[in-house]
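This is what each chain is made of:
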Amino acid sequence: MKGKLLRVLLAAILLTVAFAADARVYLVSVGIGDYSGFPGQISNLRLTVNDARTVADLYSKNTSVDYSLLLNEKATKKRIVKAIDKVFGMAKENDMVVFFFSGHGYPGGFCAYDGKIGYDEVRRAMAKSRCRNKMMFVDACRSGGMRVDETSAQGALTAAKNANVMLFLSSRNNENSIERTDMKNGFFTTYLTKGLGGNADANRNRIITARELYDFVHREVTNVSGGKQHPVMWGNFDNNMAVMKW
């Protein structure tokens, strides 16, 4: 019993180390509902801009955060990559960098305001940061398709490991990311922010781990969608990695 208690205390201490008193969060939050600048025809979306704002508000209320909020016509391919380089470049080793995107997606990437941008491009930009704690949250249709690279699945695996990024994607590669008229945010963003806000803290230690977040969001989104949407978590990270501390 004493040995078990000691292990639990040690685990809590190790998780807390990742959030030192001077640690900061560096966030790039992107939401696109107006796709009038996209080449070819693509439908507009209703809740995506609010998704990005909700995520930025959540982090702002909880911790010390520097963030860039890119909405609609501001969320061009060039500006997204530039914001990642600039904002994440300020992060120190024990800080946290978070990239959030809500908008249209396709297998292998997502749709910026003015064209497609691949996950590999975002991962490469994030890989430049010296920060050890990197996360990407994507609320987009078929976002799980990033696990299959256009050239090879092995290439996608290698790229993700080299970037050392935890990816939490709203749906499998053959599924849509659903939103409902009576909700403020899409299904994934709703339960992502609820989970990060404390609902995913299964053991009530005020530290939310990657596994706790996945278990909560996957269960709730699967239920509310009637089994039509299944979030996917993937990448090079430990299940006990702390993703939020309250």
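Here the structure is a predicted model, which means the values were calculated and not measured.

Draft legend 1. Seen up close, the packing of aromatic side chains. Applying the stated criterion across every chain yields a total of eight aromatic pairs. When the centroid spacing of 6.0 Å and the interplanar angle of 80° are considered together, the rings of tyrosine 35 and phenylalanine 38 count as edge-to-face. Here tyrosine 35 falls in the buried class, since its relative accessible area comes to 2%. By relative accessible area, which is 12% here, phenylalanine 38 ends up buried. Seen from their ring centres, phenylalanine 99 and phenylalanine 110 are 5.9 Å apart, and the 25° between their planes marks the pair as stacked. Of this pair, phenylalanine 99 sits in strand 3 (residues 96-102) while phenylalanine 110 sits in strand 5 (residues 109-112), placing them eleven residues apart in sequence.

Draft legend 2. Looking closely at the pattern of salt bridges. Applying the stated rule across the entire model yields eight salt bridges. Notably, a salt bridge pairs arginine 46 with glutamate 179, separated by 3.8 Å at the nearest N-O pair. Of this pair, arginine 46 sits in the loop between strand 1 (25-31) and helix 2 (48-62) while glutamate 179 sits in the loop between strand 8 (166-169) and helix 6 (187-199), and the two are 133 residues apart along the sequence. For arginine 46, a relative accessible area of 48% translates into the label partly exposed. Exposure remark for glutamate 179: the relative accessible area of 29% places this residue in the partly exposed category. For glutamate 220, the salt bridge goes to arginine 219, with nearest N and O atoms at 3.3 Å. A relative accessible area of 22% places glutamate 220 in the partly exposed class. Given a relative accessible area of 42%, arginine 219 falls into the partly exposed group.

Draft legend 3. Region of the structure containing the sheet that holds strand 6 (residues 115-118). Strand order in the open sheet formed by three strands is 4-5-6, and the pairing between neighbours is antiparallel. Only two strands of the sheet have a single partner each, and these edge strands are strand 4 (105-106) and strand 6. Two strands pair when backbone bridges link them, and strand 5 and strand 6 are joined in this way by four bridges, in the antiparallel orientation. By the bridge assignment for strand 6, glycine 109 is matched with glycine 118. The sheet contacts of helix 3 (residues 77-88) involve strand 5 and strand 6, and relative to strand 6 the element is tilted by about 30°.

Draft legend 4. The sheet that holds strand 2 (residues 65-71), seen in detail. The strand order across the open sheet formed by six strands is 2-1-3-7-8-10, and the pairing between neighbours is mixed. Either end of the sheet is taken by a strand with one partner, and the two such strands are strand 2 and strand 10 (232-235). Ignoring which end each strand starts from, the neighbouring axes of this sheet average 10° apart. Of the strand pairs in this sheet, strand 1 and strand 3 are connected by seven bridges, and their pairing is parallel. Of the residues in strand 3, the one forming a bridge with valine 25 is methionine 96. Of the strands in this sheet, strand 1, strand 2 and strand 3 are in contact with helix 3, which crosses strand 1 at around 170°.

Draft legend 5. Inspection of the nonpolar core at higher detail. Counting residues in each nonpolar core, the largest one holds 35 residues, and the members touching the most others are Ile80 and Phe99. Residue assignment for this core shows that the elements contributing at least two residues are strand 1, helix 3, strand 3, strand 5, helix 4 (119-127), strand 7 (133-139) and strand 8. Among the elements that make up this core, the one with the highest residue count is helix 3 (six residues). Once you skip the residues sitting within four places of it in the chain, isoleucine 80 turns out to touch Val30, Leu70, Ala75, Phe99, Phe110, Ala112 and Ile117. One finds Ala52, Leu58, Met135 and Met183 within the second-largest nonpolar core, a separate group that totals 34 residues.

Draft legend 6. The arrangement of the packing of helix 6 against helix 7 (residues 210-224) in detail. Where helix 6 meets helix 7, the closest approach of the two axes is 9 Å, and the angle between their N-to-C directions is 145°. Crossing of helix 6 against helix 7: the hand is right-handed. Here Phe187, Phe188, Tyr191, Leu192, Lys194, Gly195, Leu196 and Asn199 of helix 6 lie close against helix 7, whose contacting residues are Leu213, Phe216, Val217, Glu220, Val221 and Val224. Per-class residue counts for the contact of helix 6 with helix 7 are ten nonpolar, two polar and two charged.

Calculation notes
- Residues numbered from 1 in each chain as written.
- Predicted model: local features only at pLDDT ≥ 70, side-chain atom pairs only at ≥ 80, totals over all residues.
- Heavy atoms only, no water.
- Phe/Tyr/Trp six-rings, centres within 6.5 Å; stacked < 30°, edge-to-face > 60°.
- Buried < 20%, exposed > 50% of the residue type's maximum accessible area, 1.4 Å probe, protein only.
- Helix = DSSP H or I, 4+ residues; strand = E, 2+ residues; numbered from the N terminus.
- Salt bridge = Lys/Arg side-chain N within 4 Å of Asp/Glu carboxyl O.
- Pairing = 2+ DSSP bridges.
- Contact = heavy atoms within 4.5 Å.
- Axes fitted to C-alpha atoms, helices over the stretch in contact; angles between N-to-C directions.
- Core = buried A, V, L, I, M, F, W, Y, C linked by side-chain atoms within 4.5 Å.
- Left-handed = near helix turned anticlockwise from the far one by under 90°.
- Nonpolar A, V, L, I, M, F, W, Y, C, P; charged D, E, K, R; others polar.

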